[in-house]
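Geometric and topological summary
Here is what each chain is made of, one letter per residue.
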2 protein chains.
Amino acid sequence: MSEKFDRLKMLLAEIEDLERVIALLNWDRETYMPPGGNESRSHQIATLDRLKHARLSSDELGRLLEDLTTEASDFDPDGEEARIVAVMKRDFDLECKMPEKLVLDISHASSEGLLAWRSAREAQDFAAFVPYMKRNADLNAERAEALGYTDHPYDALLDRWEPGITTAQLETIFADLKATIVPMVRDIAAGGAVDDICLFQEYNRTEQIRFGLQMAERFGYDRNRGRLDTTAHPFCTSFGLDDVRITTRVFSNFLNASLFAIMHETGHALYEQGVSPSLARTPLAHGASAGMHESQSRLWENLVGRSRPFQEYLFPRLQRTFPGQLGGMDIEGFYRAINKVHPSLIRVEADEVTYNLHIMLRFELEKEILAGKVEIEKLDEIWNERIREYLGITPPNSAEGVLQDIHWSWADTFGLFPGYALGNVIGTQLFAHARKALPSLDDQMAHGEFNDLLTWLQTNLYQHGRKFTPNELMERITGSPITTDAWVEYVHCKFGAIY
Amino acid sequence: MSEKFDRLKMLLAEIEDLERVIALLNWDRETYMPPGGNESRSHQIATLDRLKHARLSSDELGRLLEDLTTEASDFDPDGEEARIVAVMKRDFDLECKMPEKLVLDISHASSEGLLAWRSAREAQDFAAFVPYMKRNADLNAERAEALGYTDHPYDALLDRWEPGITTAQLETIFADLKATIVPMVRDIAAGGAVDDICLFQEYNRTEQIRFGLQMAERFGYDRNRGRLDTTAHPFCTSFGLDDVRITTRVFSNFLNASLFAIMHETGHALYEQGVSPSLARTPLAHGASAGMHESQSRLWENLVGRSRPFQEYLFPRLQRTFPGQLGGMDIEGFYRAINKVHPSLIRVEADEVTYNLHIMLRFELEKEILAGKVEIEKLDEIWNERIREYLGITPPNSAEGVLQDIHWSWADTFGLFPGYALGNVIGTQLFAHARKALPSLDDQMAHGEFNDLLTWLQTNLYQHGRKFTPNELMERITGSPITTDAWVEYVHCKFGAIY
């Protein structure tokens, strides 16, 4: 038993090494690789992907997992051994259910789709993307059939990104969110507009990065085990629990872009840096799901970074760094500016309130496409109608409408979007719980002290990595399933006060 | 035949991808990796090394190479197909001759040796390093026996780094060099000292890098296919023919360190960037040997960078960049300063004339150790005696003597040092040939124009990658074997004029 488990850990460590190296190849491509390096980099990633896939679906791995699953009664069911076997068995079965031809088709369609999407988006010409969108829709449907499901084909796709979460569960969550957000947006639109002009001044880029990094370290980001670089789109990536890197983008004329991107990516990074060292080089050495990960980026970005208490710490320091721009501003005005709510077309620029509607739209459309209820040729019109219905505004072109996100250019991303909304809900639910456990949290935030919050999150969430599913984690931590109660209360309370 | 060759190329492309990825993992470790990343990085490199080694010694590769070697009469013997098979057969046979235990022992001894060397060097305590040096000597001897040789065990080791070059050939070369250098150093010491104080002023680091990079681009370094970073020790590394990166180190109080390091590494990079694209992802997509590579770094650093003609271009620009430091200087004084000859203890800081003696010393000692003629306990004393004999100076401690180089801390580097001297000799021989072919070369250098020189080098040398051995290349390009004639004439002419 122990010998088999040791062998399993060896195989998994090799797979994990390959995965982390692929992450480095991608990181370098986004940060420092010269343009000429693109072709050889693609070859290198493809080769390592192939080596990884072969190992992830090898007969030996399958046999070991089979044996260890039947013999697993020796293990503590919540212990690392049992969980490594269980999580890996799940990954292995998913990998094996995919016919090789489908894997190749998806990879091929994704490469072609990306190029087609880029030019269609540039030309604001959805019709040019229709054939690719159709194929991607078909391939998502094929994957759902290959993976299998009980209720809804979307379950099969969702489960890849959010293990254990069902379409039905999400539908309840989104219905709650919609019931809160749509009227709220109307009320806010009827109220006075918030002035956020102070954010759109000239801010020195180097100073922005220096300041953002200070905040990241304040939150607890360990730069001995990470670093910050600049890229076209911010992201967080990990080459091991002790090498978790973040990136930001910096605009010289918009303060929020970099400041809150750094806080967001720091949230992801704190999660990865907080996984228990005993899980290093195992498949559990990651966050539990896309949504759980997003819960932490949004928690640190919004529930901490955009909170009123934290402004007591942040704003005076920001004023000292940028006296020309913010010297005459008061804290209330700044707080309102960084929390301005207004219906907008672009998801990644949306405020805390309207953001979830953008996600809901994509969730609905993905489900409907999968159920064959959408004529793809009309997807841009359907998109525009829904945006009008939810937000009261209309995209002037498809680049600001259905073509705005890169995700659908790939043939394997259905089921990923909901994690962005789940993250908001889960993050708020966890934060509400942390506040109860830490009565001085507001005061600590006002002093830029985050040791207690970080410790609470590490103890309850981060250390476990992928040991538990999102639903299991939420039950363990909060004693209840995922609910929107905390989020609804949070936005009513916060934005009720602002507007 | 063609089917087998296609399969061979596929296997080789995978090996090549792994090798380049390992290079990236090492580059990142030296440039941007946070300290915490070290442990997982070691695992990743070890995993990829293992995967690469398994492929490099696989039965399938062996069979393919066997078949293609016997059927190779179909190929043009100088064509890429035949050369790929021949070079790879050689690499494969070398890989297979090494018993697995010896490979592991060498790896183990090298890791331990490195740590022991570091602390012994810091403590200036050669005795502490003796057991490790003994083991490394034994392992080098074991490797020589495993690889096999006809005349001298050193041949077996040398051939790993300089295919086709023999110990006997090197002995002739070093005898020639010694006959020139030892009296020359005495003459120079008897002459007046050169004043190089101008180089040791405060130079802005950012400006140094900017200026060095301009010179690199002037030489022909394509930054769309490369980039410059700073590291503790300068190096050049390649992740594909279109992604060849260089590094430098910058001292704020010594101009030469970065300026000539950049030129040196640019020489390596021009070689790699100049390999024919048809050799991409094959084992020929590298320089022909350590010595051939060094010939190009030294050619661009010394024969171009430190030449009198090029100062006409370089010096006025350097003056404009650093007017406070160099404004009052004249070109002759600067030229003499950057070409100052004086016997010194540290190889990597040695001037053009004395440098080869440092290498000769190591070549002699490695041979003698391998032949069992050296009592390792006394290696530091022997070292000091020879340095005194060759250069007239005595190391005050072993850190500035026998322990100065990292190379002997590893158990697999015997045979590498000679390439550093070969590089000087080969570079000068090639450069003398290029001057004959390009009568306006001096004038072009004075105007910072290097198109003709670079084209000549690309056509004659770079494009071939590893297709030919150093001896084959020199015969093809210069019509003669490697000789010291050009180098001897060069130093007499150049330093005769200066001193």
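The structure under discussion appears in the preceding block.
Residues numbered from 1 in each chain as written. Chains lettered and ligands numbered in written order. Predicted model: local features only at pLDDT ≥ 70, side-chain atom pairs only at ≥ 80, totals over all residues. Heavy atoms only, no water.

It is worth spelling out the pairing of strand 3 (residues 244–248) of chain B at this point. All names here are of chain B. Across the five residues of strand 3, five count as buried, placing the element largely inside the fold. Covered by surrounding structure in strand 3 are Val244, Ile246 and Thr248 together with Arg245 and Thr247, the residues of both alternating faces. Pairing of strand 1 (residues 228–230) with strand 3, which is carried by three bridges, proceeds in the parallel orientation. Bridge pairing in strand 3 links Thr230 to Thr248. Taken together, the three bridges between strand 2 (residues 236–238) and strand 3 define a ladder with antiparallel strand orientation. From the neighbouring strand, Ser238 faces strand 3, where its bridge partner is Val244. The hairpin formed by strand 2 and strand 3 contains five residues between the paired strands, and Gly240 there has a positive phi angle of roughly 140°. (Buried < 20%, exposed > 50% of the residue type's maximum accessible area, 1.4 Å probe, protein only. Helix = DSSP H or I, 4+ residues; strand = E, 2+ residues; numbered from the N terminus. Pairing = 2+ DSSP bridges.)

This part covers the sheet that holds strand 1 (residues 228–230) of chain A. Residue and element names in this part refer to chain A. Within the open sheet, the three strands sit side by side as 1-3-2. Their pairing is mixed. Edge positions in the open sheet fall to strand 1 and strand 2 (236–238), since each of these has one partner strand only. Strand after strand, the sheet turns through a mean of 25° between neighbouring axes, direction not considered. Each of strand 1, strand 2 and strand 3 (244–248) is contacted by helix 10 (residues 255–273), which is oriented at about 165° to strand 3, the strand it contacts most. (Axes fitted to C-alpha atoms, helices over the stretch in contact; angles between N-to-C directions. Contact = heavy atoms within 4.5 Å.)

Residue and element names in this part refer to chain A. With respect to the secondary-structure elements, Ala285 resides in the loop between helix 10 and helix 11 (290–304). Through-space distance from the C-alpha of Ala285 to that of Thr478 is 23 Å; in sequence the pair is 193 residues apart. Apart from the residues lying within four places of it in its own chain, the contact partners of Ala285 are Glu16, Arg20, Leu241, Glu272, Val275, Leu279 and Ala280.

Residues and elements named next belong to chain B. Interaxial distance between helix 1 (residues 2–31) and helix 3 (residues 59–70) falls to 10 Å at its minimum, and their mutual angle equals 135°. Accordingly, the angle class assigned to the pair helix 1 and helix 3 is oblique. Pair helix 1 / helix 3 crosses with left-handed handedness. On helix 3, the residues touching Lys4, Phe5, Arg7, Leu8, Leu11, Leu12 and Ile15 of helix 1 are Glu60, Leu61, Leu64, Leu65, Asp67 and Leu68. Residues that form the contact of helix 1 with helix 3 fall into these classes: nine nonpolar, no polar and four charged. (Parallel < 35°, antiparallel > 145°, perpendicular 65-115°, else oblique. Left-handed = near helix turned anticlockwise from the far one by under 90°. Nonpolar A, V, L, I, M, F, W, Y, C, P; charged D, E, K, R; others polar.)

Turning next to the pattern of salt bridges. If you walk through the whole model with that rule in mind, you get 82 salt bridges over all chains. A salt bridge links Asp28 of chain A to Arg41 of chain A, with the nearest nitrogen and oxygen atoms 2.8 Å apart. Placement of Asp28 of chain A in helix 1 (residues 2–31) and of Arg41 of chain A in helix 2 (residues 38–56) is noted, with a sequence separation of 13 residues between them. Taking the relative accessible area as the measure of exposure, Arg41 of chain A reaches 1% and is therefore buried. Taking the shortest distance from any N to any O, the salt bridge between Lys367 of chain B and Glu171 of chain B comes out at 2.5 Å. In this pair, Lys367 of chain B sits in helix 15 (residues 355–370) while Glu171 of chain B sits in helix 8 (residues 167–190), placing the two residues 196 residues apart along the sequence. Judged by relative accessible area, which is 13%, Lys367 of chain B ranks as buried. (Salt bridge = Lys/Arg side-chain N within 4 Å of Asp/Glu carboxyl O.)

What follows is about unusual backbone geometry. Trans is the prevailing form of peptide bonds, just as negative phi is the prevailing case for residues other than glycine. If you check the backbone angles, Gln124 of chain A has positive phi at about 50° while not being a glycine. We classify Gln124 of chain A as partly exposed; its relative accessible area is 44%.

When chain B is brought onto chain A, the operation consists of a screw motion whose angular component is 180° and whose axial shift is 0.0 Å, with 0.0 Å RMSD remaining. What we have between these two chains is a two-fold relation. Counting the interface residues of chain B, we find that 100% of their copies in chain A are interface residues as well, pointing to one common contact surface. (Least-squares fit on C-alpha atoms with pLDDT ≥ 70 in both.)

Residues and elements named next belong to chain B. Pairing is mixed in the open sheet, where three strands are placed in the order 1-3-2. In this open sheet, the two strands that pair with only one neighbour each are strand 1 and strand 2. The sheet shows a mean angle of 25° between the axes of neighbouring strands, taken without regard to direction.

So, on to the environment of Gly465 of chain A. Residue and element names in this part refer to chain A. Residue position: Gly465 is located in the loop between helix 19 (451–460) and helix 20 (470–478). Sequence separation between Gly465 and Ala288 is 177 residues; the distance between their C-alpha atoms is 5.7 Å. Discounting residues that sit within four places of it in the chain, Gly465 has contacts with Tyr271, Val275, Leu279, Leu284, His286, Gly287 and Ala288.

As a further point, take the side chain of Arg347 of chain B. Within the fold, Arg347 of chain B resides in the loop between helix 14 (331–338) and helix 15. Non-local contacts of Arg347 of chain B, meaning those with residues more than four positions away in its chain, are made with Tyr355, His358, Ile359, Arg362, Gln404, Asp405, His407, Phe417 and Tyr420 of chain B.

Residue and element names in this part refer to chain A. For Gln404, the position within the fold is in the loop between helix 16 (379–391) and helix 17 (418–437). According to the relative accessible area criterion, Gln404 is buried, its value standing at 8%. Among the polar contacts made by the side chain of Gln404, one reaches the main-chain carbonyl oxygen of Leu345 at a distance of 2.9 Å. Here Arg347 takes part through its backbone nitrogen, which lies 2.8 Å from a polar atom of the side chain of Gln404. Once residues within four sequence positions are removed from consideration, Gln404 is found in contact with Trp117, Arg121, Leu345, Ile346, Arg347, Arg362, Trp383, Ser398 and Ala399. (Polar contact = N/O pair within 3.5 Å; in protein donor to acceptor, adjacent residues only side chain to side chain.)

Moving on, we get to the interface of chain B and chain A. The interface of chain B with chain A comprises 35 residues on the first partner and 35 residues on the second. Both sides of the chain B and chain A interface together cover about 2800 Å² of buried area, and 59% of this is carbon and sulfur. Broken down residue by residue, the surface that chain B buries against chain A is led by Tyr32, Pro34 and Gln44 of chain B, which jointly contribute 17%. At the junction of chain B and chain A, the tally comes to six salt bridges. (Buried area = accessible area lost by both parts, 1.4 Å probe.)

Residues and elements named next belong to chain B. Along the chain, Ala497 turns up in helix 21 (residues 485–498). Judged by relative accessible area, Ala497 falls into the exposed class, the value being 66%. Along the primary structure Ala497 and Arg336 are separated by 161 residues, whereas in three dimensions their C-alpha atoms are 9.9 Å apart.

These figures capture arrangement, not role.
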